[in-house]
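# Architecture and fold: a report
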Amino acid sequence: MAQVRLKNLDKLYGDVQILHGIDLTIEDGEFAVLVGPSGCGKSTTLRIVAGLEEASGGDVYIGDKRVNDVEPKNRDIAMVFQNYALYPHMNVYENMAFGLKLRKFPEAEIKTRVEEAAEILSVQDYLHRKPKELSGGQRQRVAVGRAIVRKPAVFLFDEPLSNLDAKLRVQMRSEIKQLHDRLKTTMIYVTHDQVEAMTMGDRIVVMKDGYIMQADEPLKIYEKPDNQFVGSFIGSPSMNFFEVDVHADELIHKDFSLPLNESQQAVLAPFNGNKIQVGIRPEHMSLSELSTKIPATLNVSELMGNESYLYCTVGDDRFVARVSDTHPRKPGSTVTVFADSQAFHFFDLGTGERIL
């Protein structure tokens, strides 16, 4: 096991800068998830740690060793790719054993390691099969097994579940998390799926345009996003935002007002008379009567089984309410949505940063 440190990491492709001074420490044994939209630099960061890409500036440390100039095979890492990267002409046993054979491990030790990994991943009955004879989930388990047998200091996962169907993704993310709990090895996992990030990571690193927007425990990121981008990216459905004027004890939208409690008034006192963005998560909006009332027009109602997503419009703003009411509603009808005033998030209108 090993700590991974990135210090002032830059990456340029020609004149285009992909990473901007990334500083990040992933502790020994931690499961860290890099998450963000396509093009944010998360996979590039992972590939630089693996040695598959060269940093344009900055340093990469694995343990106490600077590895910028160390070949990938000598970094004591194992990587699991999105497309499995299995050898089609080899069976499962041969695929899992291949890296160990290259490193001249004794045949007896190779057999022991492969059989142990196969049992952990429940593929012991498929060791004689070729990849084409396996399902997508089984192939992914073999790819993970090939990494496990190496017993590396660091595991790297590059969107390993994106090719699987929804049900299998849920199962596999649980299995990978259990694997981490069992092995206690440092793992860095890249995904664009914020649900995967929230459910798997000890810590989430949210990225945008080559910058780290926030790095913290999942619940802290969810409850106290550092900025509007993190608030909108983490959470499903996404956080709702309204531009409002601050007036002493309330926020004024042109179509409704939001009362503030004393602590909220104190926080927003420097913004009195100015505009801010208020964020309200869909689950903090309901059809049950609360102090904050928002009259809206229903556009679409999605029944999710035990709850409904109401996609609404108020004035020029669109928002989503996640409610326990499952009665069918007609598009175009008027609904009164109530918001929990204790759960408001405030953001600076200009910078998008959280108002503390």
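Summarised in this report is the structure supplied together with it. Predicted model only: the values in this text are computed from it and were never measured.

### A few points about the overall build of the protein
The helix and strand inventory of the protein stands at nine helices and 20 strands. Counting every position in the protein, which comprises 356 residues, the buried fraction comes to 48%. In the protein, the proportion of contacts linking residues at least 24 apart, taken out of those at least 6 apart, comes to 66%. Entry remark: accessible area of the protein is about 16900 Å², with carbon and sulfur atoms responsible for 47%. Charge separation in the protein, taken as the distance between the mean sites of 41 positive and 50 negative side-chain charges, equals 8 Å.

### A word on the nonpolar core
If you look at the biggest cluster of nonpolar residues, it comprises 45 residues, and the most contacted ones within it are Met96, Val114, Phe157, Tyr189 and Val206. Once you skip the residues sitting within four places of it in the chain, Val206 turns out to touch Val35, Tyr211, Ile212, Met213, Gln214, Ile221, Phe229, Val230 and Ile234.

### Things to note about the sheet that holds strand 2 (residues 16-26)
Across the sheet, four strands lie side by side as 2-1-4-5; this open sheet has antiparallel pairing. Strands at the two margins of the open sheet, each flanked by one partner only, are strand 2 and strand 5 (65-66). Bridging between strand 4 (residues 57-62) and strand 5 involves two bridges; their strand directions are antiparallel. Across the sheet, Tyr61 pairs through a bridge with Arg66, a residue of strand 5. Along the sheet, helix 1 (residues 42-50) contacts strand 1 (4-13), strand 2 and strand 4; its crossing angle with strand 1, the most-contacted strand, is approximately 115°.

### Focus on the environment of Glu262
With respect to the helices and strands, the residue Glu262 is situated in helix 9 (residues 262-268). With a relative accessible area of 70%, Glu262 lands in the exposed category. It is 9.8 Å that separates the C-alpha atoms of Glu262 and Ala248, two residues lying 14 residues apart in sequence.

### What to know about unusual backbone geometry
Pro237 follows Ser236 through a cis peptide bond whose omega is -5°. Assignment of secondary structure puts Pro237 in the loop between helix 8 (228-233) and strand 11 (240-247). The phi dihedral of Ala85 is positive, around 55°, even though this residue is not glycine. As for its placement among the helices and strands, Ala85 is situated in the loop between strand 6 (77-80) and helix 2 (92-102). Residue classification places Ala85 among the partly exposed positions, given a relative accessible area of 34%. Positive phi outside glycine occurs at Asp209, with the angle close to 50°.

### With respect to the sheet that holds strand 11
Here five strands make up an open sheet; going across it, the order is 13-12-11-14-20 and the pairing antiparallel. Two strands close off the open sheet at either side, each with one partner strand: strand 13 (256-259) and strand 20 (345-348). Going across the sheet, the axis of each strand differs from the next one's by a mean of 40°, ignoring polarity. Bridging between strand 14 (residues 275-280) and strand 20 involves four bridges; their strand directions are antiparallel. Looking across to strand 20, one finds that Gln277 is bridged to Phe347.

### Notes on helix 2
All buried positions along helix 2 are accounted for by Val92, Tyr93, Asn95, Met96, Ala97, Gly99 and Leu100. Contacts from the buried residues of helix 2 go to helix 3 (107-120) and helix 4 (136-148).

### Some points on the environment of Glu243
Counting through the fold element by element, Glu243 comes out in strand 11. Residues Glu243 and Lys254, spaced eleven residues apart in sequence, show a C-alpha to C-alpha distance of 9.3 Å.

### Observations concerning the pattern of salt bridges
Inspection of every chain in the model, using the stated rule, returns 13 salt bridges. Its salt-bridge partner being Lys111, residue Glu115 comes within 2.7 Å of it at the nearest N-O pair. One end of the pair is Glu115 and the other is Lys111, both in helix 3 and four residues apart, which spans about a single turn. Exposure remark for Lys111: the relative accessible area of 42% places this residue in the partly exposed category. A network of salt bridges, in which partner residues are shared, links Lys11, Arg47 and Glu53.

### Some thoughts on the side chain of Gln264
On the secondary structure map, Gln264 appears in helix 9. A relative accessible area of 7% places Gln264 in the buried class. Here the side chain of Gln264 touches Ser341 through a polar contact of 2.7 Å, landing on its backbone oxygen. Leaving out residues up to four positions away in the same chain, Gln264 has contacts with Pro259, Ser341, Gln342, Phe344 and Phe346.

### Here we look at the pairing of strand 7 (residues 154-158)
Among the five residues of strand 7, five are classified as buried, and the element is accordingly described as predominantly covered. Of the two faces of strand 7, the one holding Val154, Leu156 and Asp158 and the one holding Phe155 and Phe157 are both buried throughout. The pairing of strand 6 with strand 7 spans four bridges and is classified as parallel. Within strand 7, the residue paired with Met79 across the bridge is Leu156. One ladder, built from five bridges, connects strand 7 with strand 8 (residues 186-191); its direction is parallel. Looking at strand 8, one finds that Val154 is bridged to Thr186. Between strand 7 and its parallel partner strand 8, the chain crosses via helix 5 (residues 166-183), and the hand of that crossover is right-handed.

Procedures and definitions
Residues numbered from 1 in each chain as written. Predicted model: local features only at pLDDT ≥ 70, side-chain atom pairs only at ≥ 80, totals over all residues. Heavy atoms only, no water. Helix = DSSP H or I, 4+ residues; strand = E, 2+ residues; numbered from the N terminus. Buried < 20%, exposed > 50% of the residue type's maximum accessible area, 1.4 Å probe, protein only. Contact = heavy atoms within 4.5 Å. Areas by Shrake-Rupley, 256 points an atom, 1.4 Å probe, with all protein chains shown as cover. Lys, Arg positive; Asp, Glu negative; His and termini not counted. Charge placed at Lys NZ, Arg CZ, Asp CG, Glu CD. Core = buried A, V, L, I, M, F, W, Y, C linked by side-chain atoms within 4.5 Å. Pairing = 2+ DSSP bridges. Axes fitted to C-alpha atoms, helices over the stretch in contact; angles between N-to-C directions. Salt bridge = Lys/Arg side-chain N within 4 Å of Asp/Glu carboxyl O. Polar contact = N/O pair within 3.5 Å; in protein donor to acceptor, adjacent residues only side chain to side chain. Right-handed = clockwise from strand over helix to strand, strands pointing away.

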